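Residues per chain are reported as follows:
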Amino acid sequence: MTLDETNSLYPLLKQFPGYEKFISHITSVTPSFVLPFLYITDRHNPRITASLLNQIYRNGGDCSPTHFAHINATACFTARLLYDTVLNALAGWEVAWENGCQNWPGEDGKRYNDSIDSFLHGLRNLSNKSWEGTTKTADDEPKMVLLIEKAERLKDNLPDLIVPLTRLAELSQVKITTILLSSVRWEDIKPPLGASPDPYFIDIDPPSKQDTVDSLLFEFRSASTTQAHPGTQDKTYHPSLLPLYEQYVEHVYNVCSLYTTDIQELQYIAAARWPGFVKPVLQEQSEANGDGDLDPDGTCNELTLPASDGRMRLLKFFTPSLTAALDVLYPRLTNATDWALANGPDIQASEEAQCQTNTEGSIIVDHLPRMSKFILLAAFLASTNPAKSDVRMFGRGTDKQKRRGRKSASPRKAGAQTTVAKVSQRLLGPVVFPLDRLLAILGALLEENDVESRPHEPCFELPGEHTEMELGRVHIYAAITELTSMRALHRTTAVEKLEGPPMYKCTTERSHVGPDVVHRPHGHRIFIRTRHTGCHKAFTL
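Residues numbered from 1 in each chain as written. Predicted model: local features only at pLDDT ≥ 70, side-chain atom pairs only at ≥ 80, totals over all residues. Heavy atoms only, no water.

Peer 1: Describe the overall build of the chain, listing the residues and the values that go with them.
Peer 2: If you tally the helices and strands in the chain, you get 20 helices and 10 strands. Considering the chain as a whole, with its 541 residues, one finds that 41% of them fall into the buried category. Sequence-distant contacts in the chain: of pairs separated by 6 or more residues, those separated by 24 or more amount to 69%. Carbon together with sulfur atoms contributes 52% to the accessible area of the chain, which is approximately 31,300 Å² in total. (Helix = DSSP H or I, 4+ residues; strand = E, 2+ residues; numbered from the N terminus. Buried < 20%, exposed > 50% of the residue type's maximum accessible area, 1.4 Å probe, protein only. Contact = heavy atoms within 4.5 Å. Areas by Shrake-Rupley, 256 points an atom, 1.4 Å probe, with all protein chains shown as cover.)

Peer 1: How would you summarise the sheet that holds strand β2 (residues 67-72) if you had to cite specific residues and measurements?
Peer 2: In sheet architecture, strand pairing relies on hydrogen bonds along the backbone and comes in two forms, parallel and antiparallel. Ordered in space as β2-β3-β4-β1-β5, the 5 strands form an open sheet in which the pairing is parallel. Edge positions in the open sheet fall to β2 and β5 (200-203), since each of these has one partner strand only. With direction set aside, neighbouring strand axes in the sheet form an average angle of 15°. Alignment of β2 against strand β3 (residues 143-149), held across 6 bridges, turns out to be parallel. Directly across from I71, in β3, lies its bridge partner I148. Most of the contacts of helix α3 (residues 46-58) go to β2, to which it runs at about 165°, and overall it touches β1 (37-41), β2, β3 and β4 (175-182). (Pairing = 2+ DSSP bridges. Axes fitted to C-alpha atoms, helices over the stretch in contact; angles between N-to-C directions.)

Peer 1: Please set out helix α10 (residues 242-256) residue by residue, giving values where relevant.
Peer 2: Across its 15 residues, α10 extends 21 Å between first and last C-alpha, which sits within 8% of the 21 Å expected from 1.5 Å per residue. Residues of α10 that are buried: L244, Y245, Y248, V249, H251, V252, Y253, V255 and C256. On its buried face, α10 sits against α9 (209-227), α11 (263-289) and α12 (308-329). (Expected span 1.5 Å × (residues − 1).)

Peer 1: Explain the environment of V278 to me, and be specific about the residues and the numbers.
Peer 2: For V278, the position within the fold is in helix α11. The spatial distance from the C-alpha of V278 to the C-alpha of T236 is 6.9 Å, given a sequence separation of 42 residues. When neighbours within four sequence positions are excluded, V278 is seen to be in contact with T236, L241 and L244.

Peer 1: Help me get a handle on the environment of G18, residues and values and all.
Peer 2: Within the secondary structure, G18 is located in the loop between α1 (11-15) and α2 (20-29). When its relative accessible area of 36% is taken as the criterion, G18 is described as partly exposed. The spacing of G18 and S215 is 197 residues in sequence and 8.9 Å in space, taken between C-alpha atoms.

Peer 1: Break down the packing of α9 against α11 for me, citing the residues and quoting the values.
Peer 2: In the contact formed by α9 and α11, the axes pass within 10 Å of each other and the chain directions differ by 50°. Taken as axis vectors, α9 and α11 run oblique relative to one another. Both α9 and α11 take part in a crossing whose hand is right-handed. In contact with T212, S215, L216, E219 and F220 of α9, α11 contributes I263, L266, Q267 and W274. Its residues assigned to classes, the contact of α9 with α11 comprises 5 nonpolar, 3 polar and 1 charged. (Parallel < 35°, antiparallel > 145°, perpendicular 65-115°, else oblique. Left-handed = near helix turned anticlockwise from the far one by under 90°. Nonpolar A, V, L, I, M, F, W, Y, C, P; charged D, E, K, R; others polar.)

Peer 1: Quick one: what's the story with the packing of aromatic side chains, residue by residue and with numbers?
Peer 2: Taken as a whole and assessed by the stated rule, the structure comprises 18 aromatic pairs. Look at F220 and W274: their rings are 6.2 Å apart centre to centre, the planes differ by 85°, and that puts the pair in the edge-to-face class. Here F220 is found in helix α9, whereas its partner W274 is found in helix α11, with 54 residues between them in sequence. A residue is classified by how much of its surface remains accessible, and F220, at 3% relative accessible area, is buried. Across from the ring centre of Y268, 4.3 Å away, lies the NZ or CZ of R332, which sits over that ring. (Phe/Tyr/Trp six-rings, centres within 6.5 Å; stacked < 30°, edge-to-face > 60°. Lys NZ or Arg CZ within 6 Å of the ring centre and 35° of its normal.)

Peer 1: Give a description of the sheet that holds strand β6 (residues 433-434) that names residues and reports values.
Peer 2: The strand order across the open sheet built from 3 strands is β6-β8-β7, with neighbouring strands paired in antiparallel fashion. Of all strands in the sheet, those bounded by a partner on one side alone are β6 and β7 (489-491). Here β7 pairs with strand β8 (residues 503-506) via 3 bridges, running antiparallel. Directly across from L489, in β8, lies its bridge partner C506.

These figures capture arrangement, not role.
Below, the structure is given as structure tokens:
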């Protein structure tokens, strides 16, 4: 079934991008015949699918049934709540103070929430009431649709009602379709022994990145239309900001899609950070107008957007706050309004703090514990030197290999090929290293420079036995984790990755681990032989 522009469901294609196949499928199956039991699986955006089905069956078109009920299995945690909610929704009955907060009474005034039999009697009563005044033919019989969202909660709260709900059309002898919408498969919640009939399955494909961005842009256009009043001063959702918002939501998707692809969750995070993101743009526009009002007379309908470099600068500045918003808003530790007020942007202060951090970087390690300073020094050596140089720098014993003398450099001939100069590792940046290498370098540093400061224990007789015991203590790994949280070390592998050793990279500059990194009472110095040049670097202990 192809939807054209004259169809009443055509606007849903723009409101729900990526659901074209599902809309065509559901609108072609439902009007043709009454499906007694339909099971829809949406693992990614079940709430959006429920909203789409709600609009399809309530728009008054050819697909709309005579009665429609949309309930949530989480809210209907008892049988009586489910019976009353379904009958009130199918009958269009609203519980209010005027009618004494009474449920739908029906014609006979009986209660239909005592048992499943009374609930079936209420469905038949409602169907007969809708059939009055018409010729009773099979085609004119009223159709009902019952949509149950979060159907997986029925297995925990109301497991005895799963079979009657799936056989509702058979038991009540009315034309009713039961739709179970869930994020899990039917095999995970179906009753045993084949008590329920096999449903008509519909699986919804996950939305692509472009579909997600289009959905967020549709919400931006809706907010722009809602807030577009002549006297309003809020330009947060101004229509001219749509290109900037498109680039912004693409960046939000790139940052948060690793953890969630739920469109509504991404929209919640984007809405929380967007006012702070666009605030510098609106302030610049206000300063360009020469007063504090962006558009005092309402004559200016366009806002000047920043250039591409300005947009990249904004995205780079707000990237840490997006991850912070994800950590707080996704588990609903707070709401978006309070989080936005508590995390207002201050770009100028952040840049000044960054400059102060770069010029006075030694304050990062001044108050670290002694073992953390050793770990930081070992990480710096592991990041700035290749692994093959560890034996040369920290190995013990005489070198059995003969040192080869340098060849005398002969004058180059004209036209001879020149070799490419090797770039120093400090110019290329720090390299990653495994945790085992970090512990090995740390053990060598402790064995050479920390033995004298330890208290003598007679239980350790062999050389290096005490150092090996220290490396296996919990506080070593706790110090590494603390340095990672302080951004002194950067873990390049995911925390949930189990295969392979953890990989790290030292993000501390050379000036931070220079003199006075690790203090010793006697003022000794560590001499490290660097690669290529053969000279020694001193670190005060």
